[in-house]
Amino acid sequence: MELKVLDEYKEYLSLMETEIAIKRIKDYFEVALSQKLNLTRVSAPLFVEKSTGLNDYLNGIERTVSFDALDVDGEKLEIVQSLAKWKRYALKRYGFRPGEGLYTDMNAIRRDEKLDPIHSIYVDQWDWEKIILKEQRTVRTLKQIVTDIYSVFKQTELYVYSLYPHIKPILPKKITFITSQELEDMYPSLTPKEREYKAAKKYGAFFLMQIGDILKSGKKHDGRSPDYDDWKLNGDIIFYYPVLDCALELSSMGIRVDKDSLIEQVKKCGCTERLKWPFHQMVLNEELPFTVGGGIGQSRICMFFLRKMHIGEVQSSVWPKEVLQECNRMGITLL
């Protein structure tokens, strides 16, 4: 994605005002989300032991940041890439009940991320997870939770507008639901990202469902790790972002795998060796609760609500020299 300033782009807030606004938005959204979904904040690990299988391996090709430590008996430790599996384990360990859940601040390093105005090596998001009953593993449950989360976005947008009246609300009244196959049928000649852009611009906000499996075209819309989301019951919340004229993914989430979907999906991905890991054994033996969960990008929601051109305006990270030079030339202030 190229960095290009549109005619209507404005730096609404100074550097100090931006820092204050970031704190306000994060505080407000966090409280509203926890109340809406009945979540309790917990502490989370920055790194886990590789042998536990608790780390998220995303598409399976991204390199983790790993290291050893003096007093950990030779165990290889990995910086988490998300907390998708850890949260499910924590819900059991902490004694949460159906209808209750947890959330936490997740910080990660994704060393293979391709940097652009909406992607950074540094990832900060709210990771959340909630216990549901086995019979609630349905599309209806998923849609209701997405609708609840969207209401928090709408609520936060009005809060930002009350603080900064020049940043006007743009989200539609309701979020639209589309499966990845329906999106491919709508725009068969386009790439997955081009399809997302078309849908985002058409609907303003939509939830793209059923990501990870192969479509009728013989291709996937996008990759998903086979051992946390059920590919039939997952998706991404995507908004149209006029500042960059792009589709902006704000959240990835889903109902988690049960033993049947876990076996089916690891076979499709050719990684059945994972089934030997402790976490996967707990899923197979139904020792873990049935859950739904996801992550919501903290920097991205701040970028969206404050109408920033570059994610580096709302988070402190590392950027190539040419990006720093271009932002400086264009008057874009990176943190």
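Thresholds, definitions, all that
- Residues numbered from 1 in each chain as written.
- Predicted model: local features only at pLDDT ≥ 70, side-chain atom pairs only at ≥ 80, totals over all residues.
- Heavy atoms only, no water.
- UniProt positions renumbered as here; feature names shortened; annotations may be inferred.
- Pairing = 2+ DSSP bridges.
- Helix = DSSP H or I, 4+ residues; strand = E, 2+ residues; numbered from the N terminus.
- Phe/Tyr/Trp six-rings, centres within 6.5 Å; stacked < 30°, edge-to-face > 60°.
- Buried < 20%, exposed > 50% of the residue type's maximum accessible area, 1.4 Å probe, protein only.
- Salt bridge = Lys/Arg side-chain N within 4 Å of Asp/Glu carboxyl O.
- Axes fitted to C-alpha atoms, helices over the stretch in contact; angles between N-to-C directions.
- Left-handed = near helix turned anticlockwise from the far one by under 90°.
- Contact = heavy atoms within 4.5 Å.
- Nonpolar A, V, L, I, M, F, W, Y, C, P; charged D, E, K, R; others polar.
- 1 Å grid on protein atoms, 1.4 Å probe; cavity = no way out; pocket = protein on both sides within 12 Å on 5 of 7 lines; lining within 4 Å.
- Points joined across faces, edges and corners; volume = space filled by probe spheres on them.

As named in an unreviewed UniProt entry, the protein chain is Aspartate--ammonia ligase, taken from Alkalithermobacter thermoalcaliphilus JW-YL-7 = DSM 7308. In its Subcellular location (unreviewed entry) section, the UniProt entry covering the protein chain states "Cytoplasm". What the UniProt record of the protein chain gives under Catalytic activity (unreviewed entry) is the line "L-aspartate + NH4(+) + ATP = L-asparagine + AMP + diphosphate + H(+)".

**Q** In this structure, what is going on with the sheet that holds strand S4 (residues 77–79)? I would like to understand it.
**A** Adjacent strands of a sheet pair through backbone hydrogen bonds, lying either parallel or antiparallel. What the three strands build is an open sheet, ordered S2-S4-S3; its pairing is antiparallel. On the outer flanks of this sheet lie strand S2 (47–49) and strand S3 (66–67), each paired with one strand and no other.

**Q** Teacher, can you tell me more about the packing of aromatic side chains here?
**A** To describe a pair of aromatic rings, one takes the distance between the centres and the angle between the planes. A complete count under the given rule lists 12 aromatic pairs for this structure. Ring centres 5.2 Å apart and planes at 20 degrees place the aromatic pair Phe29 and Trp126 in the stacked group. Residue Phe29 is located in helix H1 (residues 15–37), and its partner Trp126 is located in strand S6 (residues 122–131); the two are separated by 97 residues in the primary sequence. Its relative accessible area of 0% is what places Phe29 among the buried residues. Judged by its relative accessible area of 1%, Trp126 is buried. Taken together, a centroid distance of 6.0 Å and an interplanar angle of 70 degrees make the contact between Phe177 and Phe207 edge-to-face. With Phe177 in strand S7 (residues 176–179) and Phe207 in strand S8 (residues 205–209), this residue pair connects regions lying 30 residues apart in the sequence. Residue classification places Phe177 among the partly exposed positions, given a relative accessible area of 23%. A residue is classified by how much of its surface remains accessible, and Phe207, at 0% relative accessible area, is buried.

**Q** I would appreciate a short explanation of the pattern of salt bridges in the present structure.
**A** In a structure, side chains of opposite charge can pair up when their charged atoms sit close to one another. One pass over the full model with this rule turns up 20 salt bridges. One salt bridge connects Arg224 with Asp222, and the closest N-O pair in it is separated by 3.6 Å. Classification of Arg224 as buried rests on a relative accessible area of 10%. Taking the relative accessible area as the measure of exposure, Asp222 reaches 25% and is therefore partly exposed. Notably, a salt bridge pairs Arg256 with Asp229, separated by 2.4 Å at the nearest N-O pair.

**Q** Any chance you could explain the packing of H1 against helix H3 (residues 139–163) here in plain terms?
**A** Two measures define how a pair of helices packs: the angle their axes make with one another and the distance between the axes. Contact geometry for H1 and H3: axes closest at 10 Å, N-to-C directions at 150 degrees. Handedness of the crossing formed by H1 with H3: right-handed. Mapping the contact onto sequence places Arg24, Ile25, Tyr28, Phe29, Ala32, Leu33, Lys36 and Leu37 in H1 and Ile145, Asp148, Ile149, Ser151, Val152, Phe153, Gln155, Thr156, Tyr159, Val160 and Leu163 in H3. Per-class residue counts for the contact of H1 with H3 are 13 nonpolar, three polar and three charged.

**Q** Could you clarify how one ought to interpret empty space enclosed by the protein in this entry?
**A** Unfilled space is identified by rolling a water-sized probe across the atoms. Applying the stated criterion to the full structure yields one cavity of 30 Å³ or more. A volume near 50 Å³ is recorded for the largest cavity. In terms of lining, the largest cavity is formed by Arg88, Val257, Asp258, Lys259, Met282, Val283, Glu286, Leu288 and Phe290. Here the lining of the largest cavity is composed, by residue class, of five nonpolar, no polar and four charged.

**Q** Got a minute to help me understand the UniProt feature "domain: Aminoacyl-transfer RNA synthetases class-II family profile" (unreviewed entry) in the protein chain in this structure?
**A** Summarizing the sequence annotation, UniProt attributes the feature "domain: Aminoacyl-transfer RNA synthetases class-II family profile" (unreviewed entry) to residues 111–320 in the numbering used throughout. Secondary structure over residues 111–320 splits into 34% helix and 24% strand, and the C-alpha atoms at its two ends are 14 Å apart.

**Q** Before we go on, may I ask you to explain the sheet that holds strand S11 (residues 291–297) in this structure?
**A** Read across the sheet, eight strands follow the order S1-S5-S6-S11-S10-S9-S8-S7 without closing on themselves; strand pairing throughout is mixed. At either end of the open sheet lies a strand with only one pairing partner, and these are strand S1 (39–41) and S7. When strand polarity is set aside, the average angle formed by the axes of neighbouring strands in this sheet is 30 degrees. Bridge count for S7 against S8 is four bridges, and the pairing is parallel. Residue pairing across strands places Thr176 opposite Phe206, the latter belonging to S8. Strands S1, strand S5 (101–109), S6 and S11 of the sheet are contacted by H1, whose axis makes an angle of about 20 degrees with S6. Each of S6, S7, S8, strand S9 (229–241), strand S10 (246–256) and S11 touches H3; the most contacted strand, S10, lies at about 135 degrees to it.

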